[in-house]
2 protein chains.
Amino acid sequence: MGLMDEIELRLLPEDDRKPVPKPENLGFGIHFTDHMFVMDYEEEKGWYDPRIVPYGNFSLDPAAVCLHYGQAIFEGLKAHRGEDGKIRLFRPYENMKRLNRSAHRMCMPSVDEEFLLNAIKQLVKVEERWVPANKGTSLYIRPFMIATEAYLGVRPAKKYILSVILCPVGAYYSEGFNPVKIFVTDKYVRAAKGGVGEAKTAGNYAASLMASEEAKAKGFTQVLWLDAKERRYVEEVGTMNIFFAFEDEIVTPALSGSILPGITRDSVLRLGKKWGLNMVERPITIDEVIEGAQSGALTECFGTGTAAVISPVGSLHYKGIDYVINNGVTGPLSKRLFDEITGLQYGEIEDALGWIETVI
Amino acid sequence: MGLMDEIELRLLPEDDRKPVPKPENLGFGIHFTDHMFVMDYEEEKGWYDPRIVPYGNFSLDPAAVCLHYGQAIFEGLKAHRGEDGKIRLFRPYENMKRLNRSAHRMCMPSVDEEFLLNAIKQLVKVEERWVPANKGTSLYIRPFMIATEAYLGVRPAKKYILSVILCPVGAYYSEGFNPVKIFVTDKYVRAAKGGVGEAKTAGNYAASLMASEEAKAKGFTQVLWLDAKERRYVEEVGTMNIFFAFEDEIVTPALSGSILPGITRDSVLRLGKKWGLNMVERPITIDEVIEGAQSGALTECFGTGTAAVISPVGSLHYKGIDYVINNGVTGPLSKRLFDEITGLQYGEIEDALGWIETVI
Ligand SMILES: Cc1ncc(COP(=O)(O)O)c(C=O)c1O
Ligand SMILES: Cc1ncc(COP(=O)(O)O)c(C=O)c1O
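Residues numbered from 1 in each chain as written. Chains lettered and ligands numbered in written order. Predicted model: local features only at pLDDT ≥ 70, side-chain atom pairs only at ≥ 80, totals over all residues. Heavy atoms only, no water.

**Examining the site of ligand 2**
Residue and element names in this part refer to chain B. Neighbouring ligand 2 are 16 residues; Tyr205, Glu236, Ile263, Thr264 and Thr306 lie closest to it. Measuring from an oxygen atom of ligand 2, one finds a backbone N or O atom of isoleucine 263 at 2.7 Å. At a separation of 2.6 Å, an oxygen atom of ligand 2 approaches a polar side-chain atom of threonine 264. For ligand 2, the accessible surface in isolation is 380 Å², of which the surrounding protein chains cover 96%. Where the shell around ligand 2 is concerned, the elements lending two or more residues are helix H6 (263-274) and strand E16 (298-305). In the shell around ligand 2, the residues fall into 4 nonpolar, 8 polar and 4 charged. (Near = heavy atom within 4 Å. Polar contact = N/O pair within 3.5 Å; in protein donor to acceptor, adjacent residues only side chain to side chain. Areas by Shrake-Rupley, 256 points an atom, 1.4 Å probe, with all protein chains shown as cover. Helix = DSSP H or I, 4+ residues; strand = E, 2+ residues; numbered from the N terminus. Nonpolar A, V, L, I, M, F, W, Y, C, P; charged D, E, K, R; others polar.)

**A look at the nonpolar core**
Core analysis: the biggest nonpolar cluster contains 158 residues, and Phe37, Leu67 and Leu162 of chain A together with Phe37 and Leu162 of chain B have the highest contact counts within it. The contacts of leucine 67 of chain A, once residues within four sequence positions are left out, are Leu60, Asp61 and Pro62 of chain A together with Phe58, Leu60, Cys66, Leu67, Ala72, Ile146 and Ala202 of chain B. (Core = buried A, V, L, I, M, F, W, Y, C linked by side-chain atoms within 4.5 Å. Buried < 20%, exposed > 50% of the residue type's maximum accessible area, 1.4 Å probe, protein only. Contact = heavy atoms within 4.5 Å.)

**Description of the site of ligand 1**
Residue and element names in this part refer to chain A. With respect to spatial proximity, 16 residues lie near ligand 1, and among them Tyr205, Glu236, Ile263, Thr264 and Thr306 are the closest. Within the contact set of ligand 1, an oxygen atom lies 2.8 Å away from a side-chain nitrogen or oxygen of arginine 98. Taking tyrosine 205, its side chain carries an N or O atom lying 2.5 Å from an oxygen atom of ligand 1. Protein chains bury 96% of the 380 Å² of accessible surface belonging to ligand 1 in isolation. When contributions to the shell around ligand 1 are tallied by element, the ones reaching two or more residues are helix H6 (263-274) and strand E16 (298-305). Counted by class, the shell around ligand 1 contains 4 nonpolar, 8 polar and 4 charged residues.

**Let's talk about helix H7 (residues 286-295) of chain A**
Residues and elements named next belong to chain A. Every buried residue of H7 is listed here: Ile286, Val289, Ile290, Gly292 and Ala293. Mapping the buried residues of H7 onto a view down its axis gives an arc of 160°, with all of them on the same face. Exposed positions of H7 whose direction lies more than 90 degrees from the buried face are Glu291, Gln294 and Ser295. Looking one or two residues past H7, glycine 296 carries a phi angle of roughly 90°, positive in sign. (Arc of directions from axis to C-beta.)

**Some points on the packing of aromatic side chains**
Within the structure shown, the criterion is met by 26 aromatic pairs over all chains. Both rings, one in phenylalanine 32 of chain B and one in tyrosine 55 of chain B, keep their centres 5.4 Å apart while their planes meet at 15°; by these two values the pair is stacked. Taken as a pair, phenylalanine 32 of chain B in the loop between strand E1 (8-9) and strand E2 (35-42) and tyrosine 55 of chain B in the loop between strand E3 (46-54) and strand E4 (58-60) lie far apart in primary sequence, 23 residues in all. Note on phenylalanine 32 of chain B: relative accessible area 6%, which makes it buried. Measuring from centroid to centroid gives 6.2 Å for phenylalanine 58 of chain B and phenylalanine 144 of chain B, while their planes differ by 40°, and the two rings are tilted. With a gap of 86 residues between them, phenylalanine 58 of chain B in strand E4 and phenylalanine 144 of chain B in strand E8 (residues 138-147) connect regions that are remote in the sequence. For phenylalanine 58 of chain B, a relative accessible area of 6% corresponds to the buried category. Within the aromatic cluster, the residues linked to one another by ring pairs are Tyr41, Trp47 and Tyr160 of chain A. Between lysine 45 of chain A and the ring centre of tyrosine 48 of chain A, over which it is positioned, the NZ or CZ distance is 3.8 Å. (Phe/Tyr/Trp six-rings, centres within 6.5 Å; stacked < 30°, edge-to-face > 60°. Lys NZ or Arg CZ within 6 Å of the ring centre and 35° of its normal.)

**Observations regarding the domain arrangement of chain A**
All names here are of chain A. Domain boundaries assigned for chain A yield domain 1 (4-169) and domain 2 (180-345). Each of domain 1 and domain 2 has a C-alpha centre, and the two are 28 Å apart. Domain 1 puts 21 residues into the contact, and the matching count from domain 2 is 22 residues. Summing the contributions of domain 1 and of domain 2, the shared interface buries around 1,800 Å²; its carbon and sulfur component is 59%. Per-residue buried area on domain 1 facing domain 2 is highest for Phe74, Phe90 and Arg98; these three make up 33% of the total on that side. Our count for the domain 1 to domain 2 interface comes out at 1 salt bridge. (Domains from an automatic or database assignment. Buried area = accessible area lost by both parts, 1.4 Å probe. Salt bridge = Lys/Arg side-chain N within 4 Å of Asp/Glu carboxyl O.)

**Some words on the interface of chain B and chain A**
The accessible area lost on association of the parts is a frequent measure of interface size. Facing the 62 residues of chain B at the interface are 62 residues of chain A. Taken together, both faces of the contact between chain B and chain A bury some 5,000 Å²; the carbon and sulfur share is 64%. Looking only at chain B, the three residues that lose the most surface to chain A are Pro62, Leu67 and Leu152 of chain B, adding up to 12% of its buried area. For the pair chain B and chain A, the number of links is 0 salt bridges. Where chain B touches chain A, the interface holds 20 residue pairs in polar contact (both at pLDDT 80 or more). Residue assignment for the side of chain B that touches chain A shows that the elements contributing at least two residues are E4, helix H1 (65-69), strand E5 (72-74), helix H2 (92-105), E8, strand E9 (159-169), helix H4 (202-206) and helix H5 (209-217) of chain B. The residue inventory of the side of chain B that touches chain A, partitioned by class, reads 38 nonpolar, 14 polar and 10 charged.

**As for the UniProt feature "modified residue: N6-(pyridoxal phosphate)lysine" (unreviewed entry) in chain A**
In the numbering adopted here, UniProt assigns the feature "modified residue: N6-(pyridoxal phosphate)lysine" (unreviewed entry) to Lys200 of chain A. Ignoring any residue separated from it by four or fewer positions in sequence, one finds lysine 200 of chain A in contact with Ala72, Ile73, Phe74, Glu75, Gly76, Arg98, Ser102, Tyr205 and Leu260 of chain A. (UniProt positions renumbered as here; feature names shortened; annotations may be inferred.)

**Overview of the relation of the copies chain B and chain A**
Two copies of a chain can be linked by a rotation about an axis combined with a shift along that same axis. Each copy superposes on the other: chain B lies on chain A with an RMSD of 0.0 Å after a rotation of 180° and an axial shift of 0.0 Å. Such a turn and shift between the copies fits a two-fold axis. Most of the interface of chain B is mirrored in chain A, where 100% of its interface residues again form contacts. (Least-squares fit on C-alpha atoms with pLDDT ≥ 70 in both.)

**A closer look at the pairing of strand E10 (residues 180-184) of chain A**
All names here are of chain A. Counting buried positions along E10 gives 4 out of 5 residues, so the element sits mostly inside the fold. As paired strands, E10 and strand E17 (residues 309-318) are joined by 4 bridges and run parallel to one another. Residue isoleucine 182 lies in a different strand from E17, and its bridge partner there is leucine 316. (Pairing = 2+ DSSP bridges.)

**Quick word on the packing of H6 of chain A against helix H8 (residues 332-345) of chain A**
Residue and element names in this part refer to chain A. Running from N to C, H6 and H8 cross one another at 110°; their axes reach a closest spacing of 11 Å. By the angle between their axes, H6 is roughly perpendicular relative to H8. Mapping the contact onto sequence places Thr264, Val268 and Leu271 in H6 and Leu337, Glu340 and Ile341 in H8. Of the residues that constitute the contact of H6 with H8, the class distribution is 4 nonpolar, 1 polar and 1 charged. (Axes fitted to C-alpha atoms, helices over the stretch in contact; angles between N-to-C directions. Parallel < 35°, antiparallel > 145°, perpendicular 65-115°, else oblique.)

**Details of helix H5 (residues 209-217) of chain A**
For H5 of chain A, the full list of buried residues reads Leu209, Met210, Ala211, Ser212 and Ala215 of chain A. Buried residues along H5 of chain A sit against E10, helix H4 (202-206) and strand E11 (222-226) of chain A together with H2 of chain B. The positive-phi residue at the C-terminal boundary of H5 of chain A is glycine 219 of chain A, with phi of around 95°.

**Let's talk about the confidence of the model for chain A**
Residue-level pLDDT values for chain A average 96, and 97% of them are 70 or greater. In the model output, the complex is listed with pTM 0.97 alongside ipTM 0.97. (pLDDT = per-residue confidence, 0-100.)

**What to know about the pattern of salt bridges**
All names here are of chain A. With the rule as written, the count across this model stands at 44 salt bridges over all chains. For the salt bridge of glutamate 357 with lysine 121, the shortest nitrogen-to-oxygen distance reads 2.5 Å. Here lysine 121 lies in helix H3 (residues 113-126) and glutamate 357 lies in strand E19 (residues 356-358), a separation of 236 residues in the sequence. Take glutamate 357: its relative accessible area is 22%, and that puts it in the partly exposed class. Residue class for lysine 121 comes out buried when judged on its relative accessible area of 17%. Through salt bridges with shared partners, a single network forms among Arg91, Asp266 and Arg270.

Here's what the structure looks like:
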């Protein structure tokens, strides 16, 4: 890491700041706050000029590597305001670490995790009034790094920007904390072992668009991906990892290299173990899942991710047939996990595991 | 397609134009010309405001979809100046068609192929003095489309920019038209069937960086990719398709969905057939290639792509062993194809197949 200067603050006059949207009109990823964090990187200098400045457009060379070759990564985490007025982050170090793992995989420079987390905290403090208070709402934090060098050869860029933008958000799915209908695709593939599926890199999301558009057109909320090799093993869902609760074990696909190592996934595994449940990371085939849904051995299925926390899956559509899970209603484990994690996030449950970082 | 207006011309005063670099200092993708083509897209309006303007930075919202989710595609073609002073494009319609196929796969809007090709011709005319005259040099043309809507939900964007930038280029590989050393990776995977490997989309290139960096560090020019499923079938090389000449057939991997359908590849197939050669598109395993290299049945191997045209492969490195092909020298078929295609491009050979579009 290069030398890190103090973060420069260049704030908007109070009068020029935007009105904060009403909690019921938040949506997801639409409204951005008044300021953002930015710093620059050059191969010879390392990271420099960290600053909190008014939210505004980047000026990018049309030949910037990120626009042509997709050398771009991001993270996603949230700040929650509790009833006590305090603002809390949930396991933010894990996001910093994953950002650096993504950076490594995509041949991008690493950042000082402590420094970046501090910058995020400072930015959230500056934007305090943007952190909504209603339960279920939060301030979504989007750190991202893009390659900015103007060069059309295919090689890692020598210049980057790291930025953090913020948006107040409501529920991610219009379903809220209600079961979603998932389409299992055996036509499209998201990522293969040996590829970049475990990195939170831009191209993985563009690669998912057609499958999810097709699924949405058929009335489904999201796509469940199968493995690239055999199209048999379950991978993950859209922007969530996935869990299957059977009578004697709660299974999630093992981290094989092609799925994102979700922080919510990890939290669910840890909480489940703490509660004495048999949490298992292993390969699981779609056939086993479907059999379980048919026999009733599969008692619950849910997705995990920062955006929706826990998203119960009411049905899986596979090869033309709908398989209903737990009668299409939210099961007790999904509910317990959702309550526990959101309880921690909003400061209603004691933070026994040291997962919470208080901002203010 | 929406209504297409006339292209607006906003040109730099002569005095503000840059000096053109010397032919020997061109490199690849470093120097950009004075002007670029740009047009905008909005869901309700279609494409609008086509314009040729001074080359300059884009102003992009930090939440622009292309920066987070990699919804971005591009093309690459070249303008060549012949000894007769004329400037020619090589099969440019194929690039327009492939751009639209990439757009479709990435859920992006299509463009009017005729219109875009005309815009490119107009831009090349404006930048005429930038088209270098020495054989082996050319003006590289980079059309690209990026998603610009400021929105952090994962779905296709509603706003795009399409732009064309130009750069005078020399040889793509420092080797020039000399055999390159290729590293066969069985560790990394570029794309899987069901994925986006056949689209010319940004993320595919970011996904290739680590493998090619590791190969370069070991002294190789590029990586040869194997298929995601079995890591046995040959796919393509860096930014080239690949051909294997055996005594009785000249083989290139069939278009399986995971490799880019190269225009040079198609040209080589057509030329070979015209010459009475047995050109075959089929799956080919790395074992067959290695056996051929060992027995001598594999007489030549070469890559094909716009950047290098034909790039003879002198050796393949697989599982720790170097397999030399044709004693590491350029073979007669590589040479003949290179001479034919560059001859057509520079207007030295009669254009019997209707592949050439003259700009001026
Ligand atoms: C592809 C993908 N899988 C899973 C997840 C869940 O990860 P996390 O729990 O860290 O939010 C995400 C992101 O949020 C994702 O983008
Ligand atoms: C991945 C890839 N394969 C193959 C090619 C060759 O295609 P073309 O002959 O159209 O240049 C390219 C691009 O130039 C490429 O990027």
